[in-house]
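Spelled out, the chains give:
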Protein chains: 2
Amino acid sequence: MKNNRFINALLRQPVDKTPIWLMRQAGRYLPEYRKLREQAGAFLTMCKNPELACEVTQQPLRRFELDAAIIFSDILTIPDAMGLGLHFVTGEGPQFSKPIRTAKDVNNLMLPDVEEKLSYVTDAIKLVKHELADSVPLIGFAGSPWTLACYMIEGGPSKNYQIIKKMLYDAPELLHILLEKIPQATITYLNAQIDAGADTIMVFDTWGGILSTAAYQEFSLAYMTKIIAAIKHERAGVPIPNIIFTKNGGNWLETMLEANSNAIGLDWTIDIGTARERVGDKVALQGNLDPNIMLSNPKKIRQQAELILQDFGAHPGHVFNLGHGITPEVPPENVEILVNHVHEYSAQFHAASPSKA
Amino acid sequence: MKNNRFINALLRQPVDKTPIWLMRQAGRYLPEYRKLREQAGAFLTMCKNPELACEVTQQPLRRFELDAAIIFSDILTIPDAMGLGLHFVTGEGPQFSKPIRTAKDVNNLMLPDVEEKLSYVTDAIKLVKHELADSVPLIGFAGSPWTLACYMIEGGPSKNYQIIKKMLYDAPELLHILLEKIPQATITYLNAQIDAGADTIMVFDTWGGILSTAAYQEFSLAYMTKIIAAIKHERAGVPIPNIIFTKNGGNWLETMLEANSNAIGLDWTIDIGTARERVGDKVALQGNLDPNIMLSNPKKIRQQAELILQDFGAHPGHVFNLGHGITPEVPPENVEILVNHVHEYSAQFHAASPSKA
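Being a predicted model, the structure only gives us computed values, none of them experimental.

Chemist: Just give me the short version of the interface of chain A and chain B, but keep the residues and values in it.
Modeler: The interface is formed by 30 residues belonging to chain A together with 30 residues belonging to chain B. Considering only the side of chain A, the residues that lose the most area to chain B are Gln162(A), Tyr169(A) and Asn251(A), jointly responsible for 25% of the buried surface there. Where chain A meets chain B, there are 2 salt bridges. Here Asp290(A) ties to Lys165(B) by a salt bridge, and the two come within 2.7 Å at their closest N and O atoms. Every element with two or more residues in the side of chain A that touches chain B is listed here: helix H10 (162-170) and helix H15 (298-312) of chain A. Sort the elements by how many residues they give to the side of chain A that touches chain B and H10(A) lands first, with 5 residues. Here the residues of the side of chain A that touches chain B sort into 9 nonpolar, 14 polar and 7 charged.

Have a look at this one:
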């Protein structure tokens, strides 16, 4: 890999500069993305067309000196492949026409044939890998079983997640049957992504943070742990590191170490310095700029990025990122400012490193 | 006060049983509330009519052995009194027809004449106090300046709070001018509530949890601290304790101690035992059952309440509550089960208390 900063940082190896990529870096804030999307018609059409997904994945890399690409896809590809009828309603986000509500629904749920139903993702990964030509690593990903279950049971985004919470408290054994099924598909899916060329795996737990500590451990973290244990950790002798990310999971960092992931993603509500003190040398950390800072001015963006880099300090194991996905309103020039400044300013924290990436 | 458990717990004094009340205990889950609301037509009409507000405040107390009443009102009464045009849109929550967006808006914002514009709240408090006849204490409340500013600037609930965050990062001095104005009104308002008979004050910081640690301290906690310092702490020699509550504030408990409140409210995402270890004997804690447990069955409700009581253990200074407001879908009989069980089960933790409430 020509630029291996991202992988090295995940493995807590020395780097010359702190690597940076942005969650949702291929997306609506880019005019070239909006243009392609207008032509394609729908978000899912783009995800399911390997050529389009490959093109969109590369768009931010043509503009910015990002240290990683992430395959353009969605966390809901698995429930879609399970036949739940995924569609996107403007202004309301993802919806399933056949949500999972009853014991019969759970028991009838079939594991998807990943090779057949999700080949559009692995095909896109192969195309991207060819195009990237080992310039930067490519991130493959999946949603956490709990987060997928939230969408599958609620049928879409929800305010209070009352339907899944009612199942959690009233019929936990039923919810566990569902939560056991999902990782079976996810593990096959992530290993197929690795076989196709993904250099890192990230598991997105968008809704773990709505749980109590005990429920988080039992219904979300346990299943992420299972996935991290079962996916490949190398390909042809080259390490394939992994990252878990629970939004609003700052309370649970010590517990999250139990997943044995290489890295933990942080949202912006916890200081990365405090987080590092709590996890020590056990894991790399990814994050954690408030995405809304990207709406601000260059001076503020640089200043806030510096605070995070200072707070993490001169340790190995930091991947710079936002604390959540970049929003459509962000001016692309602000991303350039952030990416360049993180590289320039962070060099001082890696000056003493014995080897450089 | 015939039942002083709630006040004693807030002051970390011995009690015979752990006191309990529920955020939004007067509300849509009660058929008698829905009936009155149908007659009144609108939520704000009920808030602004002291007789109706008094009646609604008492409704849950007629059904359940709650240890406190909370005045039926809304956190947005202050911006409404400032002339921002508060109205409620079905399914969309509160909206302001004149949101604060510019320096001119901030500078032109007038402090309300609390005595004139908010007398409906103090009048309702006086009526409730008469009706309660010192059976249980009455809670008065206000929104935190940050939370009110979120609504005032965004104009209603928001997904990403981009408008106020942009002001926070681009024009922090302007946001501070607004945040300085709000407590001036809030302090007068809360002291008027105390003069009218409120026995405890709670400050609701619903949206502090969307901030980074540094921004929380500067833009939310600092202004709650100002309020707690300036409001009355006793009336005729009787202590008037206070509570601050930041949803998703579990990361910041040690910092929240700086507000010098008598108690800190917890949502359900942090273990109350862990929280108590972190704050020690410095403050009472209020919480923290997941409101969605109230949709479940009696056995689960009792079991989960027991876990919280066990986790807090045999210390003074626990007020049982939900981690957020009760939702309209909760069967009222589940509230009865919870309230009675908290009283029955908690007695064992107070058996060694030298004096009883």
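Chemist: Give a description of helix H16 (residues 332-346) of chain A that names residues and reports values.
Modeler: Residues and elements named next belong to chain A. In a regular helix each residue adds 1.5 Å, so 15 residues correspond to 21 Å; H16 covers 21 Å between its end C-alpha atoms and thus fits that length. By the criterion of burial, H16 is predominantly enclosed, with 11 of the 15 residues buried. Along H16, the residues that are buried comprise Pro332, Asn334, Val335, Ile337, Leu338, Val339, His341, Val342, His343, Tyr345 and Ser346. Of the surrounding secondary structure, the elements contacted by the buried residues of H16 are helix H1 (5-10), helix H2 (31-40), helix H4 (50-63), strand E10 (284-289), H15 and strand E11 (318-322).

Chemist: Tell me about unusual backbone geometry, residues and numbers included.
Modeler: Residue and element names in this part refer to chain A. Residues Gly287 and Asn288 are joined by a peptide bond in cis, for which omega reads 0°. Backbone geometry places Ala133, a non-glycine residue, at a positive phi of 50°. Structurally, Ala133 can be placed in the loop between helix H8 (119-132) and strand E4 (138-143). Relative accessible area serves as the criterion here: at 42%, Ala133 is assigned to the partly exposed category.

Chemist: Talk me through the confidence of the model for chain A; I want residue IDs and the actual numbers.
Modeler: Keep in mind that low pLDDT regions are not for reading the predicted coordinates in detail. For chain A, the average pLDDT comes to 96, and 99% of its residues sit at 70 or higher. Reported confidence for the predicted complex is 0.92 by ipTM and 0.95 by pTM.

Chemist: Could you give me a rundown of the sheet that holds strand E10 (residues 284-289) of chain B, with the residues and numbers involved?
Modeler: Judged by pairing direction, the sheet is parallel, and its 7 strands sit side by side in the order E1-E4-E5-E8-E9-E10-E11 (chain B) without closing on themselves. Either end of the sheet is taken by a strand with one partner, and the two such strands are strand E1 (69-70) and strand E11 (318-322) of chain B.

Chemist: Could you give me a rundown of empty space enclosed by the protein, with the residues and numbers involved?
Modeler: If you walk through the whole model with that rule in mind, you get 6 cavities of 30 Å³ or more. Roughly 80 Å³ of internal volume is contained in the largest cavity. Along its surface, the largest cavity is lined by Gly209(A), Asn248(A), Gly249(A), Gly250(A), Asn251(A), Thr269(A), Asn248(B), Gly249(B), Gly250(B), Asn251(B) and Thr269(B). Split by residue class, the lining of the largest cavity holds no nonpolar, 11 polar and no charged.

Chemist: Break down the environment of Met294(B) for me, with residues and values.
Modeler: All names here are of chain B. Structurally, the position occupied by Met294 is in the loop between E10 and helix H15 (298-312). A relative accessible area of 0% means that Met294 is categorised as buried. Taking C-alpha positions, Met294 is 27 Å from Gln39, a pair spaced 255 residues apart along the chain. Discounting chain neighbours no more than four positions away, the residues touching Met294 are Leu289, Ile301, Leu322, Val330, Pro331, Asn334, Val335 and Leu338.

Calculation notes
Residues numbered from 1 in each chain as written. Chains lettered and ligands numbered in written order. Predicted model: local features only at pLDDT ≥ 70, side-chain atom pairs only at ≥ 80, totals over all residues. Heavy atoms only, no water. Contact = heavy atoms within 4.5 Å. Buried area = accessible area lost by both parts, 1.4 Å probe. Salt bridge = Lys/Arg side-chain N within 4 Å of Asp/Glu carboxyl O. Helix = DSSP H or I, 4+ residues; strand = E, 2+ residues; numbered from the N terminus. Nonpolar A, V, L, I, M, F, W, Y, C, P; charged D, E, K, R; others polar. Expected span 1.5 Å × (residues − 1). Buried < 20%, exposed > 50% of the residue type's maximum accessible area, 1.4 Å probe, protein only. pLDDT = per-residue confidence, 0-100. Pairing = 2+ DSSP bridges. 1 Å grid on protein atoms, 1.4 Å probe; cavity = no way out; pocket = protein on both sides within 12 Å on 5 of 7 lines; lining within 4 Å. Points joined across faces, edges and corners; volume = space filled by probe spheres on them.

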